[in-house]
Amino acid sequence: MARGESKFDAVKLRDLIKEGKNAQQIMDVFGVKKPQLKTYLAKLIQLDEQFYKIVGMEERAVGGASKFGKNGIHLSAALLKNYGFSQGDEFNVSCLEEGKIVLEKK
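Description of the structure in this document. Note that this is a predicted model, so its numbers are computed, not measured. Along each chain, the written sequence defines residue order, and numbers are assigned to residues from 1. Where totals are concerned, whole chains, interfaces and linings use all residues; where local detail is concerned, this predicted model gives features only for residues with pLDDT of at least 70, and gives and counts side-chain atom pairs only at 80 or more. As a rule here, side-chain values cover all heavy atoms of the structure and leave hydrogens and water aside.

Further remarks concern the packing of aromatic side chains. Aromatic contacts are taken between Phe, Tyr and Trp rings whose centres are within 6.5 Å, Trp giving its six-membered ring; a plane angle under 30 degrees counts as stacked, one over 60 as edge-to-face, and the others as tilted. Applying the stated criterion across every chain, the model contains three aromatic pairs. Here Phe85 and Phe91 contribute two aromatic rings whose centre-to-centre distance is 5.0 Å and whose plane-to-plane angle is 70 degrees, an arrangement assigned as edge-to-face. By relative accessible area, Phe91 is classed as partly exposed at 25%. Taken together, the ring pairs in this structure connect Phe8, Phe30 and Tyr40 into an aromatic cluster. To sit over a ring, a charge needs its Lys NZ or Arg CZ within 6 Å of the ring centre and within 35 degrees of the ring normal. Lying over the aromatic face of Phe30, Lys12 brings its terminal NZ or CZ to 5.6 Å of the ring centre. Any residue under 20% of the maximum accessible area for its type is buried, any over 50% is exposed, and the rest in between are partly exposed; the area is computed with a 1.4 Å probe on protein chains only.

With axes taken as lines fitted to C-alpha atoms, and helix axes fitted only over the stretch in contact, angles between N-to-C directions fall between 0 and 180 degrees. Numbering of helices and strands runs from the N terminus, with a helix taken as a DSSP run of H or I at least four residues long and a strand as a DSSP run of E at least two residues long. Their axes nearest at 10 Å, the elements helix α1 (residues 10-18) and helix α2 (residues 23-30) cross at an angle of 155 degrees. By the angle between their directions, the pair α1 and α2 is classed as roughly antiparallel. Considering only the axes of α1 and α2, their crossing is right-handed. Between α1 and α2, the residues in contact are Lys12, Leu13, Leu16 and Ile17 and Ile26, Val29 and Phe30, respectively. Classes in brief: Ala, Val, Leu, Ile, Met, Phe, Trp, Tyr, Cys and Pro nonpolar; Asp, Glu, Lys and Arg charged; the others, Gly included, polar. Split by residue class, the contact of α1 with α2 holds six nonpolar, no polar and one charged. Just so you know how the angles are binned, under 35 degrees is roughly parallel, over 145 roughly antiparallel, 65 to 115 roughly perpendicular, and the rest oblique. Crossings are sorted by hand: turned counterclockwise from the far helix by less than a right angle, the near helix makes the crossing left-handed, and turned clockwise it makes it right-handed. Whether two residues are in contact is decided by their heavy atoms: any pair within 4.5 Å suffices.

What follows deals with the nonpolar core. Within the largest apolar cluster, 16 residues are counted, with the highest numbers of intra-cluster contacts made by Leu13, Ile17, Ile26, Phe30, Leu37 and Ile54. In contact with Ile17, other than residues within four places in its own chain, are Ile26, Leu41, Leu44, Tyr52, Lys53 and Ile54. Residues enter a nonpolar core if they are buried and are Ala, Val, Leu, Ile, Met, Phe, Trp, Tyr or Cys, with the set joined through side-chain atoms within 4.5 Å.

See below:
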């Protein structure tokens, strides 16, 4: 993709919103940060002349990057909440392929 070229895809964004995906999940799909997602949402609203609400747009944006340090990996509550997890959830941790860790809610 050329530099400065938009990743905006109205059909994909509309489908993700209708599927109930939250802001973090949509940002991950498009590979954008929250300000760009807000621009995409405004474009879609203008294009369709219909209001769309994305869950999590009003919450603080949290990057998906975590660092492995001497105390392990820290996944913030905001990050986990943005991915649909709730406080008190329990997880299974697995490594299906090298370099990728998967958290599954029990």
